[in-house]
Amino acid sequence: MAFDAETRAALIDQVRRFVTETCVPVEAQVGDEDAVPQHVVDAMKELGLFGIAVPEEYGGLDLDMETECLVAMELGQTSPAFRSVAGTNIGIGSQALILFGTEEQKQKWLPGVASGDLIASFALTEPEAGSDAAGLKTKAVRDGDHYILNGTKRYITNANKADLFTVMARTNQDEPGAKGVSAFIVERDTPGLSVGKPEKKMGQQGAHICDVIFENARVPAANMIAKEGEGFKVAMSVLDKGRLHISAVATGVSKRLIREMVNYSLERKQFGKPIFEHQMLQALIADSQAETYAAECMIMDAARRRDAGEDITMLASCTKLFATEACGRVADRAVQIFGGAGYVSDYGIERFYRDVRIFRLYEGTSQIQQIIIARELARAAKAGKL
Ligand code: COS
């Protein structure tokens, strides 16, 4: 839904207040305890954050991509673990259902996804299939009006809280690539589905990733999303949108870190004056601002084009590559400006430094984004459209 400027500004303002008043005060606690407090989750539900991408008729806010990115940029201005609570409902966990689900499937699950009563998760990656997603091995073999799933999914965000999973599995065992893959909605209580223990991670404590294991899990054929053999394309379309969303979250973190750098360097004195007045530090801050502004412009342009119905596969990859790499540089500069204080945990800067590292890995590594960009250029050239 396209929002008028006033309604959109009010929504952004609400999210900003939620971030500063509810999330920021408990950032350190979440980092230490590896859990987001229930009152924060409840506040997110109240704000409707779980359903921002869900169509209105299923109880969501149905934001256009431009507004979703603005919201994600606000949510990024605190520990990314908070965004992750609703992140899979907003993005990769629910998008297959939203984009390709049947009316019946949507009615069954989307209202719960929108309210946050159902947590949706996206299960593509496997122990032997990360960047090469089309090489996935989880099998789905037809048995009457069910499919029997066997295999293991790895590093699945929110798996330990999920009520339903969008699972990509191979339905054609004679076709080893993308064409043999189908997508399913699999409910958590399906017999034969189990979830492993949360992994210990470098950062984003409070957000969890686990294995999801299928041992003869019987999934109704009615839970297939799109047609048999279309699951890989479903996953890639989901990721096109997810990559824009992640770019916005990363850029939100960059904005926060720039604020931290400026405020700290105006206060902290060395050589008889605030360190901000040392031009070498100004350069670090200025580069951070220029790169963050560039990322913001890319995100807004790509989001508007998606809203206008354009294919944004290449733009989403350009944006994710640039925004997440820029965020990594900004976090590194923030540690540099804080000096020793950036390396100890009291100031929270080292936590952000660890938190942002995953942005360059998940939903497609920077190298995968480069491959997609180059391929899309070659495709356009061959079609005479470059
Ligand atoms: N939207 C729709 N369809 C797409 C698509 C997209 N963005 N990208 C690819 N496809 C289609 C292709 O058109 C192709 O279909 P046709 O054969 O009918 O033309 C099919 O999907 C296979 O695509 P492709 O040949 O490009 O697949 P590859 O295995 O060569 O590689 C990459 C695809 C590398 C781009 C893909 O595996 C990828 O994105 N990997 C990273 C996975 C990832 O992000 N994992 C993170 C997990 S979630 S945290």
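For clarity, every value in this text was computed on a predicted model and none was experimentally measured.

Moving on: the overall build of the protein. The helix and strand inventory of the protein stands at 13 helices and ten strands. Relative to the globule expectation of 21 Å for 386 residues, the C-alpha radius of gyration of the protein, 21 Å, shows essentially globular dimensions. Projected onto its principal axes, the C-alpha coordinates of the protein cover approximately 80 × 55 × 45 Å. Within the protein, the proportion of its 386 residues that are buried is 54%. Excluding contacts between residues fewer than 6 apart, the proportion of contacts in the protein whose partners are at least 24 apart in sequence is 75%.

Here the focus is the site of the ligand. In the region of the ligand, 21 residues are neighbours, and Ser131, Lys233, Arg243, Gly364 and Arg375 sit closest. Within the contact set of the ligand, an oxygen atom lies 3.0 Å away from a side-chain nitrogen or oxygen of Lys179. At 2.8 Å from an oxygen atom of the ligand is found a side-chain nitrogen or oxygen belonging to Lys233. Take the shell around the ligand: its biggest share by element is seven residues, from helix α8 (residues 231–267).

So, about the UniProt feature "domain: Acyl-CoA oxidase/dehydrogenase middle" (unreviewed entry) in the protein. Using the residue numbers shown here, the UniProt feature "domain: Acyl-CoA oxidase/dehydrogenase middle" (unreviewed entry) corresponds to residues 121–216. In this annotation, residues 121–216 is assigned 0% helix and 47% strand; the end-to-end C-alpha distance for the span is 20 Å.

Next up on the list: the packing of aromatic side chains. Pairs of aromatic rings are described using the distance from one ring centre to the other and the angle between the two planes. Evaluation of the coordinates by the stated rule reveals five aromatic pairs. Centroid distance Tyr264 to Phe338: 4.0 Å. Interplanar angle 15°. Geometry classified as stacked. Here the residue Tyr264 occupies a position in helix α8, and Phe338 occupies one in helix α10 (residues 313–338), the gap between them amounting to 74 residues. Comparing Tyr264 with Phe338, the two get one shared label, buried. One Lys or Arg, Arg351, reaches over the ring of Phe352 and ends 6.0 Å from the middle of that ring.

Conventions we followed
Residues numbered from 1 in each chain as written. Predicted model: local features only at pLDDT ≥ 70, side-chain atom pairs only at ≥ 80, totals over all residues. Heavy atoms only, no water. Helix = DSSP H or I, 4+ residues; strand = E, 2+ residues; numbered from the N terminus. Rg over C-alpha atoms; globule rule 2.2 N^0.38 Å. Buried < 20%, exposed > 50% of the residue type's maximum accessible area, 1.4 Å probe, protein only. Contact = heavy atoms within 4.5 Å. Near = heavy atom within 4 Å. Polar contact = N/O pair within 3.5 Å; in protein donor to acceptor, adjacent residues only side chain to side chain. UniProt positions renumbered as here; feature names shortened; annotations may be inferred. Phe/Tyr/Trp six-rings, centres within 6.5 Å; stacked < 30°, edge-to-face > 60°. Lys NZ or Arg CZ within 6 Å of the ring centre and 35° of its normal.

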